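One-letter residues, chain by chain:
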2 protein chains.
Amino acid sequence: MPDIFTPDFSVNRKIRENQKNQKGVVLWFTGLSAAGKTSIANALETLLAKNNNHSYILDGDVIRKGLSSDLSFDKKSREENLRRIRHVAEMFCDAGIITLVTFISPFQSDREKARLLLKSSYVEIYVNTSLEIAEKRDPKGLYKKARNGEIKNFTGIDSPYETPQYSELVLDSSNKSVSECATQVFNYMLQKKYILKVT
Amino acid sequence: MPDIFTPDFSVNRKIRENQKNQKGVVLWFTGLSAAGKTSIANALETLLAKNNNHSYILDGDVIRKGLSSDLSFDKKSREENLRRIRHVAEMFCDAGIITLVTFISPFQSDREKARLLLKSSYVEIYVNTSLEIAEKRDPKGLYKKARNGEIKNFTGIDSPYETPQYSELVLDSSNKSVSECATQVFNYMLQKKYILKVT
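Residues numbered from 1 in each chain as written. Chains lettered and ligands numbered in written order. Predicted model: local features only at pLDDT ≥ 70, side-chain atom pairs only at ≥ 80, totals over all residues.

### A closer look at the overall build of chain A
For chain A, the helix and strand inventory stands at eight helices and five strands. When the elements of chain A are put in sequence order from the N terminus, they spell out α-β-α-β-α-α-β-α-β-α-α-β-α. A globule of 199 residues ought to have a C-alpha radius of gyration of about 16 Å, and chain A, at 17 Å, matches this closely. C-alpha extents for chain A along the principal axes are approximately 55 × 50 × 30 Å. Within chain A, buried positions represent 47% of all 199 residues. Considering only contacts in chain A between residues 6 or more positions apart, those separated by 24 or more positions represent 78%. (Helix = DSSP H or I, 4+ residues; strand = E, 2+ residues; numbered from the N terminus. Rg over C-alpha atoms; globule rule 2.2 N^0.38 Å. Buried ≥ 20, exposed ≤ 12 C-beta atoms within 10 Å, placed from the backbone. Contact = placed C-beta atoms within 7 Å.)

### Section: helix α4 (residues 75-94) of chain B
Its 20 residues give α4(B) an end-to-end C-alpha distance of 29 Å, which sits within 8% of 28 Å, the value for a rise of 1.5 Å per residue. Looking one or two places after α4(B), you find B:G96, whose phi comes out positive at around 85°. (Expected span 1.5 Å × (residues − 1).)

### Focus: helix α8 (residues 178-191) of chain B
Think of an α-helix as 3.6 residues a turn; residues three or four steps apart then line up on the same face. All names here are of chain B. Between its first and last C-alpha, α8 extends 20 Å over 14 residues, near the 20 Å set by a 1.5 Å rise per residue. Its buried side turned inward, α8 meets β1 (25-30), α2 (37-50), β4 (122-128) and β5 (169-172). K193 sits one or two positions beyond α8 and adopts a positive phi of about 65°.

### A few points about the packing of α4(B) against helix α5 (residues 108-118) of chain B
The description of two helices packed together rests on the angle between their axes and the distance between the axes. Residues and elements named next belong to chain B. With their axes 10 Å apart at the nearest point, α4 and α5 run at an angle of 25° to one another. By the criterion of interaxial angle, the relationship of α4 to α5 is roughly parallel. The handedness of the crossing between α4 and α5 comes out as right-handed. Here E79, L82, R86, A89, E90 and C93 of α4 come into contact with α5, specifically with D110, K113, A114, L117 and L118. (Axes fitted to C-alpha atoms, helices over the stretch in contact; angles between N-to-C directions. Parallel < 35°, antiparallel > 145°, perpendicular 65-115°, else oblique. Left-handed = near helix turned anticlockwise from the far one by under 90°.)

### With respect to the sheet that holds strand β3 (residues 98-102) of chain A
Residues and elements named next belong to chain A. Across the sheet, which stays open at both edges, the five strands sit in the order β2-β3-β1-β4-β5 with parallel pairing between neighbours. Where the open sheet ends on each side, the last strands, each with one partner, are β2 (55-59) and β5 (169-172). Across the sheet, the mean angle from the axis of one strand to that of its neighbour is 20°, orientation sign disregarded. Strands β1 (25-30), β2, β3, β4 (122-128) and β5 of the sheet are contacted by helix α2 (residues 37-50), whose axis makes an angle of about 165° with β3. Of the strands in this sheet, β1, β2 and β3 touch helix α4 (residues 75-94), which is tilted by about 160° from β3. (Pairing = 2+ DSSP bridges.)

### What to know about the interface of chain A and chain B
On the chain B side, the residues contacting the 40 residues of chain A number 39 residues. Among the elements of the structure, α1 (13-20), α2, β2, α3 (60-65) and α4 of chain A are those that each provide at least two residues to the side of chain A that touches chain B. Looking at which element gives the most residues to the side of chain A that touches chain B, the answer is α2(A), with five residues. Per-class residue counts for the side of chain A that touches chain B are 19 nonpolar, 12 polar and nine charged. (Nonpolar A, V, L, I, M, F, W, Y, C, P; charged D, E, K, R; others polar.)

### Here we look at the packing of α2(A) against helix α8 (residues 178-191) of chain A
Residues and elements named next belong to chain A. Viewed as axis vectors pointing N to C, α2 and α8 meet at an angle of 60°, and their least axial separation amounts to 8 Å. Looking at the two axes, α2 sits oblique to α8. Between α2 and α8 lies a crossing whose hand is right-handed. For the pair α2 and α8, contact is made by S39, I40, A43, L44 and L47 and by V178, S179, C181, A182, T183, V185 and F186, respectively.

### Overview of the relation of the copies chain A and chain B
After a rotation of 180° and a shift along the axis of 0.0 Å, chain A superposes on chain B with an RMSD of 0.0 Å. As the rotation angle and translation indicate, the two copies are arranged about a two-fold axis. Both copies present the same face, since 98% of the interface residues in chain A are matched by interface residues at the equivalent positions in chain B. (Least-squares fit on C-alpha atoms with pLDDT ≥ 70 in both.)

### Some words on the confidence of the model for chain A
For chain A, the mean per-residue pLDDT works out to 93, and 96% of the residues sit at or above 70. Quick note on the complex model: pTM equals 0.94, ipTM equals 0.94. (pLDDT = per-residue confidence, 0-100.)

### Remarks on the nonpolar core
Grouped together as the largest cluster of nonpolar side chains are 96 residues, with contacts concentrated most on A:V26, A:L27, A:V101, B:V26, B:L27 and B:V101. If sequence neighbours within four positions are ignored, B:V101 has contacts with B:V26, B:L27, B:W28, B:F29, B:L58, B:I85 and B:A89. (Core = buried A, V, L, I, M, F, W, Y, C linked by C-beta atoms within 7 Å.)

### Some words on the sheet that holds strand β2 (residues 55-59) of chain B
All names here are of chain B. Sheet architecture is open: five strands sit in the order β2-β3-β1-β4-β5, paired in parallel fashion. The outermost strands of the open sheet, each flanked by one partner alone, are β2 and β5. The average undirected angle you get between the axes of adjacent strands in this sheet is 20°. Looking at chain direction, β1 and strand β3 (residues 98-102) are connected through five bridges and run parallel.

### Quick word on the pairing of β4(A)
On a regular strand, each side chain points to the face opposite its neighbour's, so the side chains alternate between the two faces of the sheet. Residues and elements named next belong to chain A. For β4, the tally of buried residues reaches seven of seven residues, placing the bulk of the element in the interior. The alternating pattern of β4 places Y122, E124, Y126 and N128 on one face and V123, I125 and V127 on the opposite face, and all of these are buried. Relative to β5, β4 runs parallel, the two being bridged by four bridges. Counted as the bridge partner of I125 is L169 from β5.

What follows is the structure, given as structure tokens:
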């Protein structure tokens, strides 16, 4: 195997962050399918864009069509999928981008690996909805298929969701609207100085 | 396998490009090891940053340490490595970033796959140096190791480099300096309106 060298580029993370007037960060949304992760991330991106912040969503469905299209949905493949996401998120963060990751990420061990890799750039956001409510929403009909046995290893049905213990933020998406949850994250980012209010 | 849906996000590529006052594009640098790909990309990033453009380098060495740390260097692994890079580059481009990819990418078929995926966002830049000159430079001592048989499948020694036929740009890095090559790319980007001169 050839040796691996890390190049020392002239334009670094600090320069890219200053250019964008923000800090690169990874907002890692975890929660059941249909908890509202993608909807909240989308609403948050709109708030960020209005504030002239630079963001990007690493979405599970998009990644599954591209980068991870070679993987299946068993435990090992899900772990490999998350390993890849972690490294892609690391690069986006290094690019100075506010990186929104919206994956169920049901296992504590996988979330801890993300925290270890990304260090202080990792912000875990637990989108907390009861299974009952998520299953009632079921916008993609996936819970129904999982109950019928058409989908195996579905989180909440025949695969566990390990409740996060150390999240930086918990969003009560059973009782709060998408807009309220997005505003809660936006205010957290202002408070922690990842962004500055410009409008 | 669960169905895959493509979310329709509110903040799209167009909005992100306008925010950055540039077009998202993938500059795909191909050429022998030690041809100057990384040095030219680095110099180009400096020019871009001075012009307040937003860029990011997807570097082979960095990717090999992170996203592709599970892969070896045989033909199949190199193809998988490039498949992943293509999809990561697609996301960076979609984020409105000027994305610099610096990989040997020796096979025409892999480069064509990148062109097919990225379509008009793909700009191939052939960093053209003779094997003789690249081997004389040998900053990492890799050619020496390849000649000694310590490294197998090394491009130019015991693995072929298929000369690009359809590159948008060819840089003569045998006879031109790193700075001259970077300026050539910068001027190309102005001419094709990926960027506007602001300074």
